[in-house]
Amino acid sequence: MVRGAGVRLAVVALAVCLAACGGGGEGEPSTGPTSVAATGSPTTRPSGPVVNATTRGCHRKRTGEADIQFSFSILERSAVENYAGELEFHLVAVTDPASWSTVDGAPEVIDRPHNEIFHLLVPAGEPIPPEMTLHAEAETVDQPVQTFDLQPDAILAIPVGVCTSG
């Protein structure tokens, strides 16, 4: 059996099963692989996280802001078309929280080119969130440069007490 035909057969079998079991009907969210490319063959997307965000440290600035350092690493090489070389990460957006809870403004992240450590600045008086959701992309370092949108977004867990002293 041709590999692509086997995948298409599995998608059809899943659709038949959902219909027979009463799932996937109108008004119900679809949980199966329903994304199909223009050629009619299913697209392959990683099902779990593709990038990891890791807290590297924290310090309080003289102004009272907390500077939380973090970095990214790739978990799922298929998200970067199995590129095996060096990647440079960039933060596209902080998707959650979109704004701070006690002070005006949106979260600010310092993304320095060619530096693997990012800095999240938490304003003075704002509690440090337990986690943040970050939308990142990766670029190949080798020429020609390719850019990969890393979905789903990464979760940055910020340990309790990571930044309690000045």
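Residues numbered from 1 in each chain as written. Predicted model: local features only at pLDDT ≥ 70, side-chain atom pairs only at ≥ 80, totals over all residues. Heavy atoms only, no water.

J.: Can you explain the state of the cysteines? Please cite residues and give values.
T.: In total, this model carries one disulfide according to the counting rule given. With its sulfur 2.1 Å from that of its partner, Cys58 forms a disulfide with Cys163. The sign of the -80 degrees torsion about the S-S bond sets the Cys58-Cys163 disulfide as left-handed. With a gap of 105 residues between them, Cys58 in strand β1 (residues 51–60) and Cys163 in the segment after β7 (147–157) connect regions that are remote in the sequence. Accessibility expressed as a relative area gives 3% for Cys163, which makes it buried. (Disulfide = S-S within 2.5 Å. Helix = DSSP H or I, 4+ residues; strand = E, 2+ residues; numbered from the N terminus. Buried < 20%, exposed > 50% of the residue type's maximum accessible area, 1.4 Å probe, protein only.)

J.: Pulling in residues and values, what's your account of the nonpolar core?
T.: Ranked by internal contacts, the top residues of the largest apolar core, which has 30 residues, are Phe72, Val80, Phe89, Leu134 and Leu150. Sorting the residues of this core by element identifies β1, β2 (66–74), β3 (87–96), β5 (118–122), β6 (131–140) and β7 as the ones contributing at least two each. When residues of this core are assigned to their parent elements, the largest contribution, five residues, is made by β2. Every residue in contact with Phe72, bar those within four places of it in the chain, is listed here: Val51, Asn52, Ala53, Phe89, Leu91, Phe118, Leu134, Ala136 and Ala154. (Core = buried A, V, L, I, M, F, W, Y, C linked by side-chain atoms within 4.5 Å. Contact = heavy atoms within 4.5 Å.)

J.: Can you tell me about the environment of Gln151, naming the residues and giving the values?
T.: Within the secondary structure layout, Gln151 lies in strand β7. Separated by 100 residues in the primary sequence, Gln151 and Val51 have C-alpha atoms spaced 8.1 Å apart. Sequence-distant contacts of Gln151, that is, excluding residues within four places in its chain, are made with Val50 and His135. Within the local environment of Gln151, its side chain forms a polar contact with the side chain of His135, the two groups lying 2.7 Å apart. (Polar contact = N/O pair within 3.5 Å; in protein donor to acceptor, adjacent residues only side chain to side chain.)

J.: I'd love a proper account of unusual backbone geometry, names of residues and values included.
T.: A cis amide bond, omega 0 degrees, links Asp96 with the succeeding residue Pro97. For the bond from Gln151 to Pro152, the omega torsion is 0 degrees, close enough to zero to count as cis. Along the chain, Pro152 turns up in strand β7. Of note in this structure, Glu81 is not a glycine but carries a positive phi near 55 degrees. Among the structural elements, Glu81 can be located in the loop between β2 and β3. At Asn82, a residue that is not glycine, the phi angle is positive and equals roughly 60 degrees. In this fold, Asn82 is placed in the loop between β2 and β3. Looking at Asn82, the relative accessible area reads 55%, which means it is exposed.

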